[in-house]
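Coordinate analysis (summary)
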Amino acid sequence: MNKVFASKMPAQQLDALQTMVTKHIVDPSLRDIVGTADFTATSTERGLLRWEQAHLVAALDVLNAYQRDRRSRSSCRVGSLRLGKSKEFAKDPRTRIIELLKRWLRTHAGNANVSEEEVRGVCGLCRDILNHPALFPARNPRSFLQSVAEVYDHLQLQLREVLERDRTCAELAQRVLSLSRNLISDAVGFLLLAPSDFRQTDTLPSLEVVALWQTLPDLGHPLPGRADAQLQRTMRDAWGSDCGGVVAAVLSTPCCVRLFDGARGEEEASKAIEARAASSRAIALGAASSRSIALLDDGLAPAPEVSTVRALVRAVSLRTPERGRSDEGEVVSSSFVAHDVSALIAEAVARFERGSFRSSGLAGAFRDPKDAAQAKVRQSYFEAAKGIHDLIYLLAEVLVQFHRISDGMGDYGMIRMSPWLHPFLDALMDKLNCLKGSLEHINEAVESAYVLARARQGRVEKPAPSDRMCSRAHACIERAVTGRSSHAKALGQAIEELKARSAPERLPTVTGSLGDACKTLQVILQSPEFRDSVGDAFANLPPLGDVAGGAGQTQPRASAGLLQLADGVDSDTDVEPRSAELEDEPRIVELEEESVAMKRSPSFECHSERSTAPSSRESQITVGSVTQAEVWNCTASRVGRRLKRRDQRVIVVHDGCLHIYEKGGARVEAVMDPVLDMSTCAVRLFMLSLAARRLPEGASWEDGVFEHAEYSFEFDSADFAAAFYSELKSIAG
């Protein structure tokens with residue numbers, strides 16, 4: 001009886017383990033532990049020279065220790081001792097699952113970027129194994145389930161590290177771009193397969209955008225060097241149809257080349273444009289010369305002027321398929337589309353309204369001009385094509401620029417761009433939702449007209465997509481929109497996460513973190529312990545800022561050549577300082593008086609005493625010529641274009657800098673050097689307007705982190721305003 005039970009146990013264990021692996025593991029090389037001989041016993045050595053994930057390598061050590069200590073244990077006992085047997089395990093169920101875990105751990109222990117999904121999958125597998133103690137009875141001191149439990153603990157800690165890892169805005173922007181490429185590529189494939197009669201696509205090995213470029217016709221091809229003559233012949237009729245022509249136009253845009261092939265593809269496309277333009281010019285010049293010579297021979301016309309020849313060249317160039325050039329022949333912005341997608345859509349819609357569907361490219365179930373439901377499907381098709389075109393433009397022209405900013409300036413740069421970034425991301429989400437709705441509508445119509453109709457052996461309108469087209473279309477729409485882990489869903493989540501990571505509310509945290517790092521580094525680099533460690537040969541480093549007598553007296557303006565985390569001019573020594581642009585005639589400013597009039601007394605004065613304005617930085621204001629004024633701080637009114645008084649401020653010109661105090665004069669809010677920090681300064685009657693560099697909330701002057709602000713100050717009299725303006729202008733030179 002025991003032998004019969006024992007013979008069934010391994011099969012039960014293997015079936016249960018295979019079910020759990022199929023449930024949790026995505027990697028196809030690890031999903032089959034029954035039908036392959038790969039998962040036999042391997043070395044119990046670590047097999048890694050170095051690692052990146054401490055918890056994963058610790059889990060690997062646990063499994064190796066289990067295999068080294070594992071022995072076959074007899075059910076017979078002598079007293080309190082159980083007899084052991086010298087049996088080695090090579091491919092039993094426990095060994096197979098242990099080897100699967102070891103292979104995954106060896107692969108990912110040296111990976112610096114382990115994905116959350118993979119860790120969750122293996123973690124879930126281990127947790128499921130622990131639910132079956134009856135299938136895996138324990139006989140060794142270090143049992144199978146005990147080892148799996150230890151691995152599970154390490155995986156839980158690893159998962160916590162993955163979740164706590166700070167995903168930067170640059171990474172999120174890159175993820176948005178990557179998901180968008182996947183979505184657009186599958187959406188294009190779906191439009192070519194689902195509602196069309198393009199049976200030529202059955203012979204295409206791939207429907208990815210970079211593969212479809214090979215099939216585009218020579219006329220207006222964005223990358224003619226990649227064209228495949230055989231595939232071009234195959235898809236010639238498809239691209240010549242109304243629907244195919246719209247898709248081909250979308251794929252031919254410079255933005256599409258930039259989005260899917262980067263700088264290399266864009267450079268190749270630019271060379272192709274230049275070559276076609278040169279050919280067009282040569283043809284036009286030849287035609288112009290021939291016509292002029294004929295006229296001269298007949299005595300009917302004088303020699304043509306250069307401007308006439310240029311006009312002819314421009315006319316011929318505009319008639320060529322390439323529209324990537326201006327009237328003068330220069331290459332214009334790459335955002336200019338090679339083919340007007342909207343115009344092609346309008347032409348196709350007009351033909352469909354006239355009942356002309358012979359070259360439409362649509363399947364037979366969507367060709368009835370009188371059927372309102374079919375008309376909506378056609379409308380969704382063109383809306384989807386236009387949505388793809390708009391998405392490509394927004395991603396290739398706009399998001400890539402935000403990504404460059406984030407890649408170069410980190411989260412701080414992206415947060416500073418949030419007033420532009422967040423409205424753009426909202427617009428991107430709107431385009432995504434519109435595209436998703438159009439594709440879902442088309443998919444429902446195709447499923448009803450062809451997939452379900454064939455399954456029910458009903459009548460199918462011809463021409464109809466092939467079974468292979470329907471199968472590939474279903475795979476495309478499932479990846480793009482309808483699947484549980486679709487590109488559209490993941491893209492929406494990435495956009496929302498990018499908005500959260502670039503929220504202005506994070507600015508104090510980011511600047512505070514940078515400030516703490518700078519201050520800590522400065523203290524360490526100036527410490528005796530650091531000097532003892534590096535030796536006397538190490539150079540004397542300047543502090544992170546201008547030091548006027550000690551580490552505690554750091555000026556708010558960093559000296560040239562030092563680290564300066566600011567929005568303004570780069571602090572490198574090879575950058576020329578910007579002089580203030582002082583305007584005498586700015587726009588007229590209307591003031592909105594407060595409901596309660598406050599008595600104003602002259603507060604402008606020039607004296608040679610120490611400033612009496614309260615400030616936490618008062619120790620830095622030395623004896624010297626000081627110009628001080630008490631002014632009204634004015635900001636834009638919510639109604640109209642007028643300015644409204646907000647609060648009273650003290651502003652002081654001292655030692656060549658303008659100090660702007662906070663409301664109440666408790667501390668300095670902004671310090672401006674008219675040579676380095678002022679971008680504009682203008683005076684008009686009582687008003688002085690200027691741009692300043694000030695501290696973000698939660699930062700200090702020592703951090704070297706600044707943000708820009710604009711100020712409008714109302715003086716007690718026009719003379720006081722003019723005097724203050726003259727003082728600043730004299731400093732700026």
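As the structure is a prediction and not an experimental result, all values here were calculated from the model.

1. Digging into the overall build of the protein chain
Along the backbone of the protein chain there are 19 helices and 12 strands. Per-residue burial over the protein chain gives 45% buried out of 733 residues. Accessible surface for the protein chain amounts to roughly 38000 Å². Of this, 52% is attributable to carbon and sulfur atoms.

2. A word on helix α15 (residues 467–482)
What α15 keeps buried is the set Met469, Cys470, Arg472, Ala473, Cys476, Ile477, Ala480 and Val481. Down the axis of α15, the sector holding all buried residues measures 165°, keeping them to one side. Against α6 (169–193), α14 (418–455) and α16 (487–501) lie the buried residues of α15.

3. Focus on the confidence of the model for the protein chain
Per-residue confidence for the protein chain gives a mean pLDDT of 75, with 71% of residues at or over 70. In this model, residues 1–5 is a region of pLDDT below 50 whose contacts with residues beyond four sequence positions or in other chains number 0 contacts. The low-confidence segment residues 300–339 (pLDDT under 50) makes 64 contacts with residues lying over four places distant or belonging to another chain.

4. What to know about the packing of aromatic side chains
Two aromatic rings, taken as a pair, are described by how far apart their centres are and by the angle between their planes. Within this structure, the stated rule accounts for 9 aromatic pairs. Aromatic side chains Phe352 and Phe357 sit 4.9 Å apart centroid to centroid with 15° between the ring planes, which places their arrangement in the stacked category. The two residues Phe352 and Phe357 agree in class, both being buried. Here Tyr711 and Phe713 contribute two aromatic rings whose centre-to-centre distance is 5.5 Å and whose plane-to-plane angle is 20°, an arrangement assigned as stacked. Note on Tyr711: relative accessible area 4%, which makes it buried. Counting every residue linked through ring pairs, the aromatic cluster contains Phe352, Phe357, Tyr381 and Phe382.

5. A few points about the pattern of salt bridges
A full pass over the atoms with the stated rule returns 18 salt bridges. Salt-bridge contacts for Arg367 lead to Asp197; the nearest nitrogen and oxygen are separated by 3.4 Å. Highlighted residues: Arg367 in the loop between α12 (341–353) and α13 (372–416) and Asp197 in the loop between α6 and α7 (209–212), separated in sequence by 170 residues. Taking the shortest distance from any N to any O, the salt bridge between Arg649 and Asp647 comes out at 2.8 Å. For the pair formed by Arg649 and Asp647, the shared burial category is buried. Counted as one network, the salt bridges with shared partners bring together Lys386, Asp390 and Lys431.

6. Here's the deal with α14
Taking 1.5 Å of rise per residue, 38 residues should cover 56 Å, and α14 covers 51 Å from first to last C-alpha, within 8% of that figure. Remark: the principal bend of α14, roughly 40°, maps to Glu447. Backbone geometry just after α14 places Gln457 at a positive phi near 60°.

7. What about the environment of Val119?
Of note, Val119 is situated in helix α4 (residues 116–129). Assessed through its relative accessible area of 0%, Val119 is described here as buried. The spacing of Val119 and Leu105 is 14 residues in sequence and 10.0 Å in space, taken between C-alpha atoms. The residues touching Val119, leaving out its near neighbours within four places in the chain, are Trp104, Val114, Leu155, Gln158, Leu159 and Val162.

8. Examining a nonpolar patch on the surface
A cluster of nonpolar residues, Val534, Phe538 and Leu541, forms a patch on the protein surface that exposes about 210 Å² of accessible area. On the secondary structure map, Phe538 appears in the loop between α18 (528–534) and β3 (581–583).

Parameters and conventions
- Residues numbered from 1 in each chain as written.
- Predicted model: local features only at pLDDT ≥ 70, side-chain atom pairs only at ≥ 80, totals over all residues.
- Heavy atoms only, no water.
- Helix = DSSP H or I, 4+ residues; strand = E, 2+ residues; numbered from the N terminus.
- Buried < 20%, exposed > 50% of the residue type's maximum accessible area, 1.4 Å probe, protein only.
- Areas by Shrake-Rupley, 256 points an atom, 1.4 Å probe, with all protein chains shown as cover.
- Arc of directions from axis to C-beta.
- Contact = heavy atoms within 4.5 Å.
- pLDDT = per-residue confidence, 0-100.
- Phe/Tyr/Trp six-rings, centres within 6.5 Å; stacked < 30°, edge-to-face > 60°.
- Salt bridge = Lys/Arg side-chain N within 4 Å of Asp/Glu carboxyl O.
- Expected span 1.5 Å × (residues − 1).
- Bend = angle between axes of the 7 residues up to and from the residue.
- Patch = residues over 30% accessible without salt bridge, like charges linked within 9 Å, V, L, I, M, F, W, Y side chains within 5 Å.

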